[in-house]
Amino acid sequence: MGFFTDSLGRQTVAQKPNAPILGWAALGAASFMALDEQNRRRLRRASDACLAVWAVLEVVSGRSGFRRSAGALTLSWLWRRANA
């Protein structure tokens, strides 16, 4: 198994989006359109939560080293941003 391939030799860098990624994108876009600052913050937090769920799923069950690394880097980025 290579860094960019799964155990069957299939490339795993680009895959169709799953529910957490779609939620992250939709809620992130909605946060930019929100007129009220409180709603904007809530939508951004919900978007970040979706991204965190995606990242945890990638770390736990990513099909390649690249996917697991992407999840770990995303989690660390979210953690640093939340604690900045």
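Residues numbered from 1 in each chain as written. Predicted model: local features only at pLDDT ≥ 70, side-chain atom pairs only at ≥ 80, totals over all residues. Heavy atoms only, no water.

## Some thoughts on the packing of helix H2 (residues 37-61) against helix H3 (residues 65-82)
- With their axes 7 Å apart at the nearest point, H2 and H3 run at an angle of 145° to one another. The two elements H2 and H3 meet at a crossing, and its hand is left-handed. Where H2 approaches H3, its residues Arg44, Asp48, Leu51, Ala52, Trp54, Ala55, Val56, Glu58 and Val59 are matched on the opposing element by Arg67, Arg68, Ala70, Gly71, Ala72, Thr74, Leu75, Trp77, Leu78 and Arg81.
- Residue composition of the contact of H2 with H3, by class: 11 nonpolar, two polar and six charged. (Axes fitted to C-alpha atoms, helices over the stretch in contact; angles between N-to-C directions. Helix = DSSP H or I, 4+ residues; strand = E, 2+ residues; numbered from the N terminus. Left-handed = near helix turned anticlockwise from the far one by under 90°. Contact = heavy atoms within 4.5 Å. Nonpolar A, V, L, I, M, F, W, Y, C, P; charged D, E, K, R; others polar.)

## Things to note about helix H1 (residues 19-33)
- With 15 residues, H1 should cover 21 Å at 1.5 Å per step; its first-to-last C-alpha distance of 21 Å lies within 8% of that length.
- Looking only at H1, the buried set comprises Pro20, Gly23, Gly28 and Ser31. Looking straight down H1, one finds that the buried residues subtend no more than 125° of arc, so they occupy a single side. Residues of H1 that are exposed and point more than 90 degrees away from the buried face comprise Ala19, Phe32 and Met33.
- Considering only its buried residues, H1 is in contact with H2. (Expected span 1.5 Å × (residues − 1). Buried < 20%, exposed > 50% of the residue type's maximum accessible area, 1.4 Å probe, protein only. Arc of directions from axis to C-beta.)

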